[in-house]
Amino acid sequence: MKAKILVTGGVGYIGSHTAVELQKAGYEVVILDNLSNSNAEVLDGIKNITGIRPAFEKMDMQDKNALRQLFEKHPGIKGVINFAASKAVGESVKKPLLYYRNNLVTMLNLLDLMPEYGVTALVFSSSCTVYGQPDRLPVDETAPIKLALSPYGNTKRICEEIIADTIYAGAPFKSVLLRYFNPIGAHPTAEIGELPLGVPQNLLPYITQTAIGIRPQLSVFGDDYETPDGSCIRDYINVVDLAKAHVKAIEYILENKGEKAVEAFNLGTGRGVSVLELIHTFEEATKVKLNYKIVNRREGDIPQIWANPEKANKILGWKAEVPLPDTLLSAWKWQLHLREKGIM
Ligand code: UD1
């Protein structure tokens, strides 16, 4: 068995897929989650895939004492992958303090306690949102960090800076900041996937819910952007590919492969895909017709962004592999699974 890794927010969408890949790579996983936006049944899904039920603690990381108790109860944690955070952009605009408190206090508590318990590796779940609309595409890690468009985006930037400042001040751990582009899809077994509560804000869950009839129609937010087909362009990255990057990142720190104590990596495919292209690829892959219409632009959307993932390719030895049609099929299979189970 390799090192013991704490996965905060490990019941959530990306956290659960990462717990699976960590276990498959031989790591021992401890999951912490307050279940504010997730369901503990996900742990069954993880067990069904890997054969191992990870240790689980239901707790809120804003409670520093509770976090301390977790480290006492699970001695020998070597690395932390910090997913635990609030993540709805629109909600963060309406409730900024909720976002600043939750996303920042949890990070501060973690950074305080890590040295006390001998944790030497921190992987942080960041976002390409820190680049805003980049001046040059594809965007690489040297691009300037721009003013955030939402409190959510701001918490990602601030957390990156807090981690860096703490390490530059001599904290005895190293960190990898992973800047995700647009994570989509589900585990190919359909045991775990994305479970949006209420009306989905993100594109792919909206697509699969429209395809299955939960939503009558998908709105495409704008076809008058300066892009080849007029709709926005994003870099859609398969969630299992993304999860595997976290295993590489933990290995990179624990096996001392890097020189820098804190380092950021883009996680994307390197290919920009428009909203309309995504819709048509979904239709072709699943043979399901989508009812959609073009509506006005959504406020706050940037026209286009996609990654230059070469740094992660070269230094982490990680590359996005799953073809887009397979990723879209996995999301569809997951939606069908939710229907079969009567969940949605
Ligand atoms: C959003 C967040 C980003 C966050 C990411 C992952 C914003 C501005 N950014 O990215 O910070 O990291 O989610 O959670 O909200 N679209 C439609 N119809 C829909 C939904 C979306 O046309 O019903 C379009 C959007 O205009 C966009 C693309 O689909 O062009 C992707 O949207 P979405 O999935 O919400 O992700 P982002 O906005 O890129």
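In this text, all values refer to a predicted model and were calculated from it rather than measured experimentally. Per chain, the residues get numbers from 1 upward, laid out in the order the sequence is written. Note on the predicted model: pLDDT of at least 70 is required for a residue's local features to be given, and 80 or more for side-chain atom pairs to be given and counted; whole-chain, interface and lining totals, by contrast, use all residues. Hydrogens and waters are ignored; side-chain quantities use all the structure's heavy atoms.

Chemist: Can you help me understand the environment of Ser125 in this one?
Modeler: Along the polypeptide, Ser125 turns up in strand β5 (residues 121-127). Only protein chains enter the accessibility calculation, which uses a 1.4 Å probe; a residue whose area is less than 20% of its type maximum is buried, one above 50% is exposed, and one in between is partly exposed. Judged by its relative accessible area of 7%, Ser125 is buried. As a C-alpha pair, Ser125 and Glu340 span 215 residues in sequence and 32 Å in three-dimensional space. Where helices and strands are cited, they refer to DSSP runs of H or I of at least four residues and of E of at least two residues respectively, numbered from the N terminus.

Chemist: When you look at the pairing of strand β6 (residues 174-180) in this model, what are you seeing that I'm missing?
Modeler: Residues in a regular strand point their side chains to alternate faces of the sheet. Most of β6 sits out of view: six of its seven residues are buried. Handedness of a crossover is defined as follows: orient the strands so they point away from the viewer, and if the path from the first strand over the helix to the second runs clockwise, the crossover is right-handed. Tracing the backbone out of β5, into helix α6 (residues 151-168) and back to the parallel element β6 gives a crossover that is right-handed. Here six bridges tie β6 to strand β11 (residues 262-267), and the two strands are oriented parallel to one another. Its bridge partner lying in β11, Leu177 is registered against Ala264. Strand pairing is defined by DSSP finding a minimum of two bridges between the two strands.

Chemist: Sorry, what's going on with the packing of helix α5 (residues 96-116) against α6 here?
Modeler: The description of two packed helices rests on the angle between their axes and on the distance between the axes. Helix axes are fitted to C-alpha atoms over the stretch in contact, other axes to C-alpha atoms as well, and angles between N-to-C directions run from 0 to 180 degrees. Here α5 crosses α6 at 20°, and the two axes come no closer than 10 Å. Looking at the two axes, α5 sits roughly parallel to α6. Considering the relative orientation of α5 and α6, their crossing is right-handed. Here α5 contributes Pro96, Tyr99, Tyr100, Asn103, Leu104, Met107, Leu108 and Leu111 to the contact with α6, which in turn contributes Pro151, Tyr152, Asn154, Thr155, Ile158, Cys159, Ile162, Ile163 and Thr166. Polarity classes work like this: nonpolar for Ala, Val, Leu, Ile, Met, Phe, Trp, Tyr, Cys and Pro, charged for Asp, Glu, Lys and Arg, and polar for all others, with Gly in that last group. Taken together, the residues that form the contact of α5 with α6 break down as 13 nonpolar, four polar and no charged. An angle below 35 degrees is treated as roughly parallel, one above 145 as roughly antiparallel, one from 65 to 115 as roughly perpendicular, and anything else as oblique. Left-handed describes a crossing in which the near helix is turned anticlockwise from the far one by less than a right angle; the clockwise case is right-handed. Contacts are assigned to residue pairs with any non-hydrogen atoms lying within 4.5 Å of each other.

Chemist: Even after reading the chapter, I still don't get helix α2 (residues 42-50), so can you show me in this structure?
Modeler: A turn of α-helix holds 3.6 residues, and therefore any two residues three or four places apart point the same way. Taken together, the buried positions of α2 are occupied by Val42, Leu43, Gly45, Ile46 and Thr50. Looking straight down α2, one finds its buried side chains confined to an arc of 155°; they lie on one side. Buried residues along α2 sit against α1 (13-24), β2 (28-33) and β3 (55-58). What the arc covers is the set of directions going from the helix axis to the C-beta atoms.

Chemist: I would appreciate a short explanation of the sheet that holds β5 in the present structure.
Modeler: To summarise the sheet geometry, strands pair through backbone hydrogen bonds and adopt either a parallel or an antiparallel arrangement. An order of β3-β2-β1-β4-β5-β6-β11 is seen for the seven strands of this open sheet, with the pairing classed as parallel. The strands lining the two open edges of the sheet, one partner per strand, are β3 and β11. Across this sheet, the average inter-strand angle for adjacent strands is 20°, counted without regard to direction. Pairing between β2 and β3: four bridges, direction parallel. Across the sheet, the residue bridging to Asp33 is Lys58, located in β3. Against the sheet, α1 makes contact with β1 (4-8), β2, β4 (77-82) and β6, and its axis sits at roughly 165° relative to β2, the strand it touches most.

Chemist: Looking at this structure, I do not really get the pattern of salt bridges. What am I missing?
Modeler: Close approach of charged atoms allows side chains of opposite charge to pair. By salt bridge we mean one thing: a side-chain nitrogen of Lys or Arg within 4 Å of a carboxyl oxygen of Asp or Glu. The final tally for this structure, using the stated rule, is 18 salt bridges. For the salt bridge of Glu255 with Lys257, the shortest nitrogen-to-oxygen distance reads 3.4 Å. The partly exposed category is assigned to Glu255, whose relative accessible area is 46%. One salt bridge connects Arg271 with Glu277, and the closest N-O pair in it is separated by 3.3 Å.

Chemist: I'm lost on the state of the cysteines in this one. Help?
Modeler: Note: disulfide means a covalent bond formed between the sulfur atoms of two cysteine side chains. Note on terminology: pairs of cysteine sulfur atoms within 2.5 Å are recorded as disulfides. Taken as a whole and assessed by the stated rule, the structure comprises zero disulfides. Cys128 provides the cysteine sulfur closest to Cys232, a residue in no disulfide bond, and the two sulfurs are 12 Å apart.

Shape descriptors only; they carry no functional weight alone.
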